[in-house]
Amino acid sequence: NAGVTQTPKFQVLKTGQSMTLQCAQDMNHEYMSWYRQDPGMGLRLIHYSVGAGITDQGEVPNGYNVSRSTTEDFPLRLLSAAPSQTSVYFCASSYQTGQANSPLHFGNGTRLTVT
Amino acid sequence: AQSVTQLDSHVSVSEGTPVLLRCNYSSSYSPSLFWYVQHPNKGLQLLLKYTSAATLVKGINGFEAEFKKSETSFHLTKPSAHMSDAAEYFCVVSEMGNYQLIWGAGTKLIIKP
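Note that the structure is predicted; figures quoted are calculated from it, not measured.

Chemist: Any chance you could break down the pattern of salt bridges for me, citing the residues and the numbers?
Modeler: Going through the model one piece at a time under the given rule, you end up with five salt bridges over all chains. We note a salt bridge from Asp38 of chain A to Arg36 of chain A, for which the minimum N-O separation is 2.9 Å. Judged on exposure class, the residue Asp38 of chain A and its partner Arg36 of chain A are both buried. Glu64 of chain B serves as the salt-bridge partner of Lys58 of chain B, at 2.8 Å between the closest nitrogen and oxygen. Overlapping salt bridges, with partners in common, bring together Arg36, Asp38 and Arg44 of chain A in one network.

Chemist: Explain the environment of Ala82 of chain A to me, and be specific about the residues and the numbers.
Modeler: Among the structural elements, Ala82 of chain A can be located in the loop between β8 (76-78) and β9 (87-94). A sequence separation of 64 residues divides Ala82 of chain A from Ser18 of chain A, and the C-alpha atoms of the two residues are 9.7 Å apart.

Chemist: Can you explain the sheet that holds strand β1 (residues 4-7) of chain A? Please cite residues and give values.
Modeler: All names here are of chain A. Strand order in the open sheet made by the four strands is β1-β3-β8-β7, with antiparallel pairing throughout. Since the sheet does not close on itself, it has two edges, and those belong to β1 and β7 (64-66), each with one partner. Strand-to-strand twist in this sheet, taken as the mean axis angle between neighbours without regard to direction, amounts to 20°. For β7 and β8, the ladder comprises three bridges, and the chain directions are antiparallel. Its bridge partner being in β8, Tyr64 is matched across the sheet by Leu78.

Chemist: Tell me what's going on with the nonpolar core, and back it up with residues and numbers.
Modeler: Within the largest apolar cluster, 26 residues are counted, with the highest numbers of intra-cluster contacts made by Leu21, Trp35, Leu48, Phe74, Leu76, Tyr89 and Leu109 of chain B. Element by element, the count of residues in this core is highest for strand β10 (residues 87-95) of chain B, at four residues. In contact with Leu109 of chain B, other than residues within four places in its own chain, are Val11, Val13, Val19, Leu21, Asp85, Ala86, Ala87 and Tyr89 of chain B. In terms of nonpolar packing, the next biggest core, distinct from the first, is built from 18 residues, Met19, Leu21, Phe74 and Ala81 of chain A among them.

Chemist: Account for the side chain of Ser33 of chain A, with residues named and values stated.
Modeler: Residue and element names in this part refer to chain A. With respect to the helices and strands, Ser33 occurs in strand β4 (residues 31-37). Owing to a relative accessible area of 0%, Ser33 belongs among the buried residues under this scheme. Leave out the neighbours within four places in its chain, and Ser33 touches Leu45, His47, Tyr48, Phe74, Phe90, Cys91, Ala92 and Leu104.

Chemist: Account for unusual backbone geometry, naming residues and giving values.
Modeler: Cis geometry marks the peptide bond from Thr7 of chain A to Pro8 of chain A; its omega dihedral reads -5°. We note that Asn61 of chain B has phi near 60°; this positive angle belongs to a residue other than glycine. Along the chain, Asn61 of chain B falls in the loop between β7 (56-58) and β8 (64-68). Even without being glycine, Thr72 of chain B reaches a positive phi, approximately 45°. With respect to the helices and strands, the residue Thr72 of chain B is situated in the loop between β8 and β9 (73-78).

Basis of the calculations
Residues numbered from 1 in each chain as written. Chains lettered and ligands numbered in written order. Predicted model: local features only at pLDDT ≥ 70, side-chain atom pairs only at ≥ 80, totals over all residues. Heavy atoms only, no water. Salt bridge = Lys/Arg side-chain N within 4 Å of Asp/Glu carboxyl O. Buried < 20%, exposed > 50% of the residue type's maximum accessible area, 1.4 Å probe, protein only. Helix = DSSP H or I, 4+ residues; strand = E, 2+ residues; numbered from the N terminus. Pairing = 2+ DSSP bridges. Axes fitted to C-alpha atoms, helices over the stretch in contact; angles between N-to-C directions. Core = buried A, V, L, I, M, F, W, Y, C linked by side-chain atoms within 4.5 Å. Contact = heavy atoms within 4.5 Å.

This is how it looks when you write it as structure tokens:
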């Protein structure tokens, strides 16, 4: 089982460029989410989805878009990259969050640098 | 509103000595509580979870945590540290029906030989 797969692992962008971070899971999880991790700040939720066709904003959604056309895929789009978006991005999924028996499964992360 | 406070940004212990990583939370309703671990340059892995069935929760690699409602704490402990425990640890809280998990800022555990 692949679990949660994120691509790419590393990316360098210039300010103003756009790109899509890919996330796929093969566990038939309803819930998927994107986090960014910055030093000393823990993980902050960007966007999440509770099922195909349903998305919602998290704590820090500005500058990012998501869509959920299938249960398996949850891409994150940076519309116009800014240096403040330099971070490590994690995709995570679970059967159903908010319950103790539904822990998150994480991808290995994407390290993004915006110059 | 939910919140999580990890009381120490860094904890340094010698190999073979006990580990204590402290976490306080606030929640309006009965929370679910988790500890996740992140080894250097790796993704995050669930260490243990509070299910409300037992206040003392055992996790992987000899870690355990005790839920104390009166103190709103969920501290993580291990009797004897191992070099492989060096990592960053995150305390996480969620409420039933709330899809947004709240993460602590993390505690970096340093193990001295």
